[in-house]
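# A structural walkthrough
Here is what each chain is made of, one letter per residue.
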Amino acid sequence: MLRFPAILVLCFLFLFGPDTYAQVSDLPRGFAPKEKSFIRRYLSSRTKNAQGISVPPEFPVRAMAEWEEIEYLVIAWVQYLPTLREIVRYSREECKVVILCSDTTGVKMFLTEGDVSLEGVILIPTPVNSVWIRDYGASSVYTHGVDSLWLVDWIYNRPRPDDDYIPSVLSRYLRKSLFSTTRPPFDLVHTGGNFMSDGMGTGFSSRLILDENSASGQFNLSIKNEAEVNEVMRRFMGINRYIKMDVLPYDGIHHIDMHMKLLNEETLLVGKYPTGVADGPQIEENMEYLLSSFSSGFGFPYELARIPMPPHHGDYPDSWWANYRTYTNSVFVNKTVLVPVYEEKYDTTALRIYRQLLPGYRVVGINCNAIIRSGGALHCITKGIGVSDPLLIQHRRLRDRFVTYNSYQVNALISHRSGIRSAQIYFTTDTTAGFTPIEMIEAIPEENVWTGFIPPHPPGTTLYYYIHAESFSGKQINRPITAPAGWWKFRVLSRPDPSLR
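Residues numbered from 1 in each chain as written. Predicted model: local features only at pLDDT ≥ 70, side-chain atom pairs only at ≥ 80, totals over all residues. Heavy atoms only, no water.

## So, the overall build of the chain
Stated precisely, the cut-off is as follows: Per the convention used, a helix needs a DSSP run of H or I reaching at least four residues, while a strand needs a run of E reaching at least two, with both numbered from the N terminus. Summary of the burial criterion: residues with accessible area below 20% of their type's maximum are buried, those above 50% are exposed, and those between are partly exposed, where the area comes from a 1.4 Å probe applied to protein chains only. Note on contacts: a residue pair is in contact if any heavy atoms of the two residues lie within 4.5 Å. With residues, only the protein chains shown are counted as cover, and all accessible areas are computed by Shrake-Rupley using a 1.4 Å probe. Positive: Lys, Arg. Negative: Asp, Glu. His and the chain ends are not part of the count. In plain terms, the charge of a residue is placed at NZ if it is Lys, CZ if Arg, CG if Asp and CD if Glu.
Per the secondary structure count, the chain includes 10 helices and 27 strands. Its C-alpha atoms give the chain principal-axis dimensions of about 80 × 50 × 50 Å. Going through the 501 residues of the chain one by one, you find that 59% of them count as buried. In the chain, of all internal contacts separated by at least 6 residues, the share reaching a separation of at least 24 is 75%. If you sum the accessible surface of the chain, you get close to 20100 Å²; carbon and sulfur atoms cover 52% of it. Averaging the positions of the 50 positive and the 52 negative side-chain charges in the chain gives two centres separated by 1 Å.

## Description of the confidence of the model for the chain
Counted only if it meets this: Scored between 0 and 100, pLDDT is the confidence that the predictor attaches to each residue.
Summing up the model confidence of the chain, the mean pLDDT is 91 and the portion of residues at 70 or higher is 92%. In the model, residues 1-24 has pLDDT below 50 throughout and makes 47 contacts with residues more than four positions away in sequence or in other chains.

## Brief notes about the side chain of Asn 157
The test is simple: Two N or O atoms count as a polar contact when they lie within 3.5 Å, although within protein this holds only if one can serve as hydrogen donor and the other as acceptor, and sequence-adjacent residues are included solely when both atoms are side-chain atoms.
In this fold, Asn 157 is placed in the loop between strand 6 (149-154) and helix 6 (161-174). Asn 157 sits in the buried class, given a relative accessible area of 1%. Here Arg 158 takes part through its side chain, which lies 3.2 Å from a polar atom of the side chain of Asn 157. A polar contact of 2.9 Å, which involves the side chain of Asn 157, links it to the side chain of Glu 212.

## Quick look at the pairing of strand 21 (residues 420-428)
We apply this condition: DSSP-based pairing: two strands are paired if at least 2 bridges between them are found.
Most of strand 21 is tucked away, with seven of its nine residues classed as buried. Pairing between strand 21 and strand 25 (residues 462-471): eight bridges, direction antiparallel. Within strand 25, the residue paired with Thr 428 across the bridge is Tyr 464. Relative to strand 22 (residues 436-439), strand 21 runs antiparallel, the two being bridged by four bridges. If you follow Phe 427 over to strand 22, its bridge partner there is Thr 436.

## Some words on the packing of helix 3 (residues 81-91) against helix 4 (residues 104-113)
This is how it is decided: Fitted lines through C-alpha atoms serve as axes, helices being fitted only where they are in contact, and the angles separating the N-to-C directions of these axes extend from 0 to 180 degrees. Roughly parallel means an angle under 35 degrees; roughly antiparallel means over 145; roughly perpendicular covers 65 to 115; every other angle is labelled oblique. In this classification, Asp, Glu, Lys and Arg are treated as charged, Ala, Val, Leu, Ile, Met, Phe, Trp, Tyr, Cys and Pro as nonpolar, and every other residue, Gly included, as polar.
Look at helix 3 against helix 4: their axes get within 10 Å of each other, and the N-to-C directions meet at 70°. When the axis of helix 3 is compared with that of helix 4, the two are roughly perpendicular. Contacts between helix 3 and helix 4 involve Leu 81, Pro 82, Arg 85 and Val 88 from the former and Phe 110, Leu 111 and Glu 113 from the latter. Per-class residue counts for the contact of helix 3 with helix 4 are five nonpolar, no polar and two charged.

## Side note on the packing of aromatic side chains
Note the following rule: Only rings of Phe, Tyr and Trp enter the pairing, Trp through its six-membered ring, and a pair is recorded when the two centres are within 6.5 Å. The plane angle decides the type: under 30 degrees is stacked, over 60 is edge-to-face, the rest tilted. Charge-over-ring contacts are defined here by two conditions on Lys NZ or Arg CZ: a distance within 6 Å of the ring centre and an angle within 35 degrees of the ring normal.
This structure, assessed with the given rule, holds 18 aromatic pairs. Between Phe 195 and Tyr 242 the ring centres are 6.4 Å apart and the planes differ by 75°, which places this aromatic pair in the edge-to-face class. With Phe 195 in the loop between strand 7 (178-181) and strand 8 (196-197) and Tyr 242 in strand 10 (residues 241-245), the pair connects residues that are 47 residues apart, well separated along the chain. Among the residues examined, Phe 195 registers a relative accessible area of 8% and is labelled buried. The class of Tyr 242 is buried, set by a relative accessible area of 10%. Taken together, the ring pairs in this structure connect Tyr 408, Tyr 465, Trp 488 and Phe 490 into an aromatic cluster. The ring of Phe 110 carries the charged tip of Arg 85 above its face, separated from the ring centre by 4.0 Å.

## Focus: the pairing of strand 24 (residues 449-454)
Within strand 24, five of the six residues are buried, which leaves the element mostly enclosed by the surrounding structure. Bridge analysis of strand 20 (residues 408-415) against strand 24 gives six bridges, and the strand direction is antiparallel. Bridging from a neighbouring strand, Val 410 pairs with Gly 452 of strand 24. Note that strand 23 (residues 441-444) and strand 24 share three bridges and pair antiparallel. Bridging from a neighbouring strand, Glu 442 pairs with Trp 450 of strand 24.

## Topic: the environment of Glu 231
Position of Glu 231 relative to the elements: it lies in helix 8 (residues 226-237). Distance from Glu 231 to Phe 186, taken between C-alpha atoms, is 8.8 Å for residues 45 residues apart in sequence.

If you want it as structure tokens, here you go:
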């Protein structure tokens with residue numbers, strides 16, 4: 001793997017001014033002054049100095065979802081240090097926190113002065129240009145669904161050579177293979193904040209991905225039509241269905257993490273503005289398109305949950321000076337969800353919505369008033385890396401049922417590279433009284449489908465349940481990952497099931 005030659009960076013500094021990278025702490029999520037003027041030339045040099053393996057994996061891969069188990073959360077210690085410290089405070093209790101930094105001593109001092117333990121914190125001394133690691137960090141994929149963890153690097157759409165090199169730094173540290181979409185015919189310009197995966201082969205982005213890779217785009221580098229973009233994402237990321245929505249008029253960076261969040265395989269949390277305000281009309285058009293054109297990976301309609309987009313001193317981003325405040329720019333860190341907050345009178349509603357939608361999760365608000373001015377929040381400055389030994393459970397939760405004399409069937413896709421030794425449904429009508437296990441059987445072995453049955457209950461009952469699985473290697477996990485504190489639930493309704501007539 002090759003790093004950008006130092007002489008290349010010096011040439012850019014000479015040609016385009018000594019202050020291009022000098023004000024590192026001022027680099028926004030979008031383009032800084034002067035960066036647009038030499039982005040094409042920079043990206044051309046990027047393809048000639050590619051890092052990682054620039055041909056697709058030989059095996060099928062699966063892009064992990066953000067709610068899956070992660071082993072590392074990576075941040076770049078560049079700016080907004082109080083915000084980063086709060087991320088470390090809560091994340092180190094859930095996983096290892098990797099901090100990319102130029103001054104390890106200074107980082108340690110800042111953390112300890114804020115009463116943040118260094119246990120579980122890994123400091124990697126390396127130069128970085130900006131804090132926006134979501135956009136330039138490597139993505140996690142698994143071979144054959146749950147086998148080896150590999151990393152994937154796209155062409156970053158900013159001329160920031162130290163940022164660009166971070167996927168190689170992580171690849172070496174983690175000793176994981178790095179695949180790179182940097183050389184024709186697989187060259188692809190993309191950013192992490194404009195991509196979400198459901199873990200089942202469906203990807204979501206704004207149409208920025210097409211604009212930046214088209215002949216009419218600002219880069220004019222990786223010229224691809226939509227089918228060619230889809231093919232690169234399929235072969236490198238395992239994305240078999242790629243949903244793209246129109247860009248928003250007031251979101252200058254056009255990244256979907258500024259207004260939506262996948263909470264699980266079938267639920268999207270979507271930002272909501274007052275009627276006719278700011279990006280509200282385009283968001284509604286996009287959601288109407290998504291719901292009318294696509295079903296979830298389970299073959300049923302997606303569910304939308306709404307969360308208000310908070311104003312900035314009473315105004316929204318259709319006013320030129322108002323910050324693009326958002327609550328969807330949150331981050332899963334195993335059993336914790338970190339949510340950006342701004343003003344208590346709006347924040348309490350947002351945090352309540354998260355807690356209702358994600359029972360059992362520790363929902364933590366972190367003040368983002370400083371960072372949101374630069375066009376991003378918590379999701380933008382973090383990057384999760386999956387565990388090396390995933391046990392995957394995917395399940396379409398049961399909906400309310402009419403009373404029936406039959407049991408309630410629970411199906412799930414459960415897989416691990418060593419195979420599944422056992423799986424159980426745990427259910428209860430009272431979460432304070434504990435859960436009762438029911439064994440599941442492997443109904444369709446070739447498709448990793450397991451099934452079990454919750455016994456019938458009388459009308460008016462609310463049933464709470466979760467799924468537990470253990471692999472032959474001894475790995476165990478629950479889904480939801482927060483169980484038994486978290487669960488799915490459904491009600492037994494009083495009207496008889498018409499099928500029984």
